[in-house]
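This is what each chain is made of:
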Amino acid sequence: MELKVQVSGGEVWADDTGGDNPPVVLLHPGVGDSRIWDPVLPKLTEHHRVIRYDVRGYGRSPKPTVPYSLRDDLVAVLDHFGLRAVPLLGCSMGGSTAMSRALAAPERMTALVLLCPGVTGYPWPEEPEVEAEYEALVKAGDVDGLVALGLREWAAAGADESAVAPLRAAAPAWLTEDEYQREDPPIFDRLHELDTPATVMVGDLDRPPLIECNEQVAARIPGCQLVKMSGVDHLPPLRVPDLVATTALSHCGAKLL
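Predicted, not measured: the structure shown is a model, and the values here were computed from it. (Residues numbered from 1 in each chain as written. Predicted model: local features only at pLDDT ≥ 70, side-chain atom pairs only at ≥ 80, totals over all residues. Heavy atoms only, no water.)

**Q** Teacher, can you tell me more about the overall build of the chain here?
**A** Counting its secondary structure elements, the chain contains 9 helices and 10 strands. Whereas a compact globule of 257 residues would reach a radius of gyration of roughly 18 Å, the chain reaches 17 Å, a difference of no more than 12%. Judged by the C-alpha coordinates and their principal axes, the chain covers about 45 × 35 × 35 Å. Of all 257 residues assigned to the chain, the portion counted as buried reaches 55%. Of all intrachain contacts in the chain linking residues separated by at least 6 positions in sequence, the fraction that spans at least 24 positions is 75%. The positive charge centre, built from 22 side chains, and the negative charge centre, built from 38, are 5 Å apart in the chain. (Helix = DSSP H or I, 4+ residues; strand = E, 2+ residues; numbered from the N terminus. Rg over C-alpha atoms; globule rule 2.2 N^0.38 Å. Buried < 20%, exposed > 50% of the residue type's maximum accessible area, 1.4 Å probe, protein only. Contact = heavy atoms within 4.5 Å. Lys, Arg positive; Asp, Glu negative; His and termini not counted. Charge placed at Lys NZ, Arg CZ, Asp CG, Glu CD.)

Here it is in structure tokens:
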């Protein structure tokens, strides 16, 4: 069932498969919208009620008109569906949101499955040329240019239509993020506080700084399992959907099943 969920000063598009199975919430990356999960859904929906939503400005969600927080919007979605304790499956930007929420309210998170997650507070290396190119494209409102940049940086496994489509659904949101999206609090130096069962998955074709970050994230989260994916870039739900689904189910054990 598709619907709109009210968030502070706006709304987001959401989808709920319904049913009596235990719920799981999917959080999409910044290089796609929630349709990136489509290939993963068949296995997950065999066992779960699956809820997913588009971040403001992404995919089917309206553009933001007021400042907002990814973590606060996640809370609004969880509250809308009456989810008190739930596992989160988050990719990239969605993984960062999942960890941020788990640190703020661990009693509401039963498991974390983190695909190539970003993380606030991590000392990312400076990349002035890429950053300048990105800023110039955003200033010019050049969506095609942003898609091309995204494919070059994040789609090392192949720039086919399956990779182009999510980037095209995401790129318009990048034009407004600097103005409206407030970064959630830094969490990298707090990861040792996480007591939620966690799994980190990262592909060997992802960007080297992101791979290094994810290895450190997995090392800092107590008991975290690190899964390395061969031949996978920053789009694992598209590249290896069966591996993503089966790993989510098996590594979270009774937390998901």
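**Q** Would you explain the pattern of salt bridges in this entry?
**A** Counted under the stated rule, the structure contains 20 salt bridges. Salt-bridge contacts for R239 lead to D160; the nearest nitrogen and oxygen are separated by 3.7 Å. Placement of the pair is R239 in helix α8 (residues 236-239) and D160 in the loop between α5 (143-154) and α6 (161-180), with a sequence separation of 79 residues. The partner of R220 in a salt bridge is D189, and the shortest N-O contact between them spans 3.2 Å. Taken as a pair, R220 in helix α7 (residues 208-220) and D189 in the loop between β8 (181-182) and β9 (198-203) lie far apart in primary sequence, 31 residues in all. Of the residues examined, R220 reaches a relative accessible area of 33% and is grouped as partly exposed. (Salt bridge = Lys/Arg side-chain N within 4 Å of Asp/Glu carboxyl O.)

**Q** Looking at this model, I keep getting lost on the sheet that holds strand β3 (residues 23-27). Mind explaining?
**A** Think of a sheet as strands paired side by side through backbone hydrogen bonds, with each pair either parallel or antiparallel. On the basis of which strands lie adjacent, the open sheet formed by 8 strands has the order β1-β2-β4-β3-β6-β7-β9-β10 and mixed pairing. Because the sheet does not close on itself, it has two edges, and the strands there are β1 (2-7) and β10 (225-229). Pairwise comparison of adjacent strand axes, ignoring direction, gives a mean angle of 20 degrees for this sheet. Across the sheet, helix α2 (residues 70-80) is in contact with β1, β2 (10-16), β3, β4 (49-53), β6 (86-91) and β7 (109-115); its angle to β1 comes to roughly 125 degrees. On the sheet, α7 packs against β9 and β10 and is oriented at approximately 160 degrees with respect to β9. (Pairing = 2+ DSSP bridges. Axes fitted to C-alpha atoms, helices over the stretch in contact; angles between N-to-C directions.)

**Q** Looking at this structure, how should I read the environment of V200?
**A** Checked against the element boundaries, V200 lands in strand β9. A relative accessible area of 0% places V200 in the buried class. Put simply, V200 and L26 are 174 residues apart on the chain and 15 Å apart in space, counted from C-alpha to C-alpha. When near neighbours in sequence (up to four residues on either side) are disregarded, V200 contacts L114, P117, N214, V217, A218, C224, Q225, L226 and V227.

**Q** Sorry, what's going on with unusual backbone geometry here?
**A** Most peptide bonds take the trans configuration, and most residues that are not glycine carry a negative phi. Positive phi values are uncommon outside glycine, yet S92 reaches one of about 55 degrees. With respect to the secondary-structure elements, S92 resides in the loop between β6 and α3 (93-104). On the basis of relative accessibility, which here comes to 11%, the residue S92 falls in the buried class. The residue C116 is not glycine, and still its phi comes out positive at about 35 degrees. Inspection of the secondary structure assignment puts C116 in the loop between β7 and α4 (128-140).

**Q** Teacher, can you tell me more about α2 here?
**A** What sets the pattern is the α-helix's 3.6 residues per turn: residues three or four places apart point alike. Among the residues of α2, those classed as buried are L70, D73, L74, V75, V77 and L78. Looking one or two residues beyond α2, the residue adopting positive phi is G82, at roughly 65 degrees.

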